[in-house]
Number of protein chains: 2
Amino acid sequence: MTLAEKAYDALRHDIIRGELPPGRPLRLSDLSERYEMGFSPLREALNRLQAERLVTAESLRGFRVAPLSLDELLDAVNVRIRIESDALRASIRSGDDAWAAGIVSALYALNLQVDRTGPDADIWTLEARHYAFHRALLAACNSPWTLEFFERLYAATERYRIPVLLAAAHPAGRDVQGEHGALAEATLARDADKATALLEEHYRRTANHLANVFGMKRPDELIAAG
Amino acid sequence: MTLAEKAYDALRHDIIRGELPPGRPLRLSDLSERYEMGFSPLREALNRLQAERLVTAESLRGFRVAPLSLDELLDAVNVRIRIESDALRASIRSGDDAWAAGIVSALYALNLQVDRTGPDADIWTLEARHYAFHRALLAACNSPWTLEFFERLYAATERYRIPVLLAAAHPAGRDVQGEHGALAEATLARDADKATALLEEHYRRTANHLANVFGMKRPDELIAAG
DNA sequence: ATTCCAAAAATTTTCGAAAATATGTATTGC
DNA sequence: GCAATACATATTTTCGAAAATTTTTGGAAT
């Protein structure tokens, strides 16, 4: 793996987790010290992340971590609902046994982690399994473009979820677990209408929670904009 | 404008127009000579284009123009129909007079160019106005994420359309003009169902044509996959 | 003829310094 | 005191060369 690839992974990781907070200037000398490499691989990574909208760039004035905004969150959630609903329907239509087994497996692993407490309750493992579950639902949609957009939107919304998860220890953990279980159940039963309705509700609930914690009180826009 | 930005624009331009054909290796020494700059700005541009899937990269083995495939075209068209239909509905719901005027203006300019013959029949002007028209339809959707995905998918499908446009001089030009007019009419009348139906038909017809010219005879998949 | 290996060549990747630009600071003039 | 300007510093951007890796070439062994 080249240094540029390592830089990309590390920067993306640190931005999504908020270790590099939104709006923070990404000065090359700082990054060079932090990640122990020269400017070249860092600039390449920053350019890739710029194309993914995780960093912003201004000509001759450097890079910054892309800012967060309630508007962007609402937009991302609404587009996610559209795209993932379509993808879920396609998956339900054409998913095979391996797809179904993948969902069962991902849900099981996710629930194990949701139930864990104490030192084993690692929030990053939880996040990884949450992603894996949602990704597994769409795995059979047979549309690379859809999956890429899913990934982009997941990364974008994850930036809003992480600080909330870090602040409160497992907010409504059991509740969410139930939602995931019901979503998996409807999906495996090939009930596309029910599954997409649950998916939408799941996202709207999560987004409402995030929007509230974010301190800006406009949760109604989530439904209005849909 | 920095050299890296110029490199990005030039490479994107040349890839979409097919001057750098699909699959072609993008060697830095070649590019350095072609665009008259050093390696650094070129590598930055290539990394951005990689994130946009217009070029592929393999560790230590360089960059290539991303290949074309019928599967990718079908996928892109289907996802475009979903995303643009939603965006068109949103635009129709919330578009104001400026939005409507923008559509009228873009359609007028497009038709002017469609009708031109001889030395004025510049295919690149036509392409730009075609893009501007479709962009104008969605301008009021109020969703940056949707517009970004539209742009990505437009660029991806443009790569398939260009060689066809270049081969045949204005294939079914007047026909397409009629389609655009009808689409604009339904949109301005705020008839979302009719407008999205026309949009879908427009894309399926275009994609069928492209798929046929592309030599692979599976146009039926376009409907089956939808 | 074919496979294997080593050397040569070509290419990508990375660094460190130079050039270009932006930012901050002191100083001058009013 | 305040704006404008010149200077110094900090930062980004670009280049050219060095390092690392892959690809090609040429020949030897089977």
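Computed from a predicted structure; not experimentally measured.

Draft legend 1. Spotlight on the protein's contact with DNA strand D. Around DNA strand D there are 19 residues in total, and R43(A), L60(A), L3(B), S40(B) and R61(B) lie nearest to it. Considering DNA strand D, the proportion of its atoms within 4 Å of the protein that are sugar or phosphate atoms stands at 84%. A distance of 2.7 Å is found between a phosphate oxygen of DNA strand D and a backbone nitrogen or oxygen belonging to L60(A). Here a phosphate oxygen of DNA strand D and a backbone polar atom of L3(B) are 2.3 Å apart. When residues of the surface near DNA strand D are traced back to their parent elements, those giving at least two are helix 3 (39-51) and strand 3 (62-65) of chain A together with helix 1 (3-16) and helix 3 (39-51) of chain B. Its residues assigned to classes, the surface near DNA strand D comprises 10 nonpolar, five polar and four charged.

Draft legend 2. Up close: empty space enclosed by the protein. Residue and element names in this part refer to chain B. Applying the stated rule across the entire model yields one cavity of 30 Å³ or more. Lining the largest cavity, in full, are L73, V77, R80, H130, T157, R161, H202, Y203, T206, A207 and L210. Elements that contribute at least two residues to the lining of the largest cavity include exactly helix 4 (70-94), helix 7 (144-167) and helix 9 (192-213). Examining the composition of the lining of the largest cavity, we find that five residues originate from one element, helix 9, more than from any other.

Draft legend 3. Up close: the pattern of salt bridges. If you walk through the whole model with that rule in mind, you get 22 salt bridges over all chains. Measuring nitrogen to oxygen at the nearest pair gives 2.7 Å for the salt bridge that ties R80(A) to E84(A). Note that R80(A) and E84(A) are positioned in helix 4 (residues 70-94) at a spacing of four residues, about one turn of the helix. Among the ionic pairs, E127(B) bridges to R161(B), the shortest N-O distance being 3.2 Å. One end of the pair, E127(B), is in helix 6 (residues 123-138); the other, R161(B), is in helix 7, and 34 residues separate them in sequence.

Draft legend 4. Molecular detail of helix 4 of chain B. Helix length check: helix 4 of chain B (25 residues) gives 36 Å between terminal C-alpha atoms against 36 Å at 1.5 Å per residue, within 8%. Burial analysis of helix 4 of chain B places 18 of its 25 residues in the buried class, which makes it a mostly covered element.

Draft legend 5. Local environment of the protein's contact with DNA strand C. What surrounds DNA strand C is a group of 20 residues, the closest being L3(A), G38(A), S40(A), R43(B) and L60(B). Close to the protein, within 4 Å, the atoms of DNA strand C are drawn from sugar and phosphate at a rate of 84%. Interatomic distance of 3.2 Å between a side-chain N/O atom of S40(A) and a base nitrogen of DNA strand C. For DNA strand C, a phosphate oxygen lies 3.1 Å from a polar atom in the backbone of L28(B). Within the residue set of the surface near DNA strand C, elements represented by two or more residues are helix 1 (3-16) and helix 3 of chain A together with helix 3 and strand 3 (62-65) of chain B.

Reading the values: the criteria
- Residues numbered from 1 in each chain as written.
- Chains lettered and ligands numbered in written order.
- Predicted model: local features only at pLDDT ≥ 70, side-chain atom pairs only at ≥ 80, totals over all residues.
- Heavy atoms only, no water.
- Near = heavy atom within 4 Å.
- Polar contact = N/O pair within 3.5 Å; in protein donor to acceptor, adjacent residues only side chain to side chain.
- Helix = DSSP H or I, 4+ residues; strand = E, 2+ residues; numbered from the N terminus.
- Nonpolar A, V, L, I, M, F, W, Y, C, P; charged D, E, K, R; others polar.
- 1 Å grid on protein atoms, 1.4 Å probe; cavity = no way out; pocket = protein on both sides within 12 Å on 5 of 7 lines; lining within 4 Å.
- Points joined across faces, edges and corners; volume = space filled by probe spheres on them.
- Salt bridge = Lys/Arg side-chain N within 4 Å of Asp/Glu carboxyl O.
- Expected span 1.5 Å × (residues − 1).
- Buried < 20%, exposed > 50% of the residue type's maximum accessible area, 1.4 Å probe, protein only.

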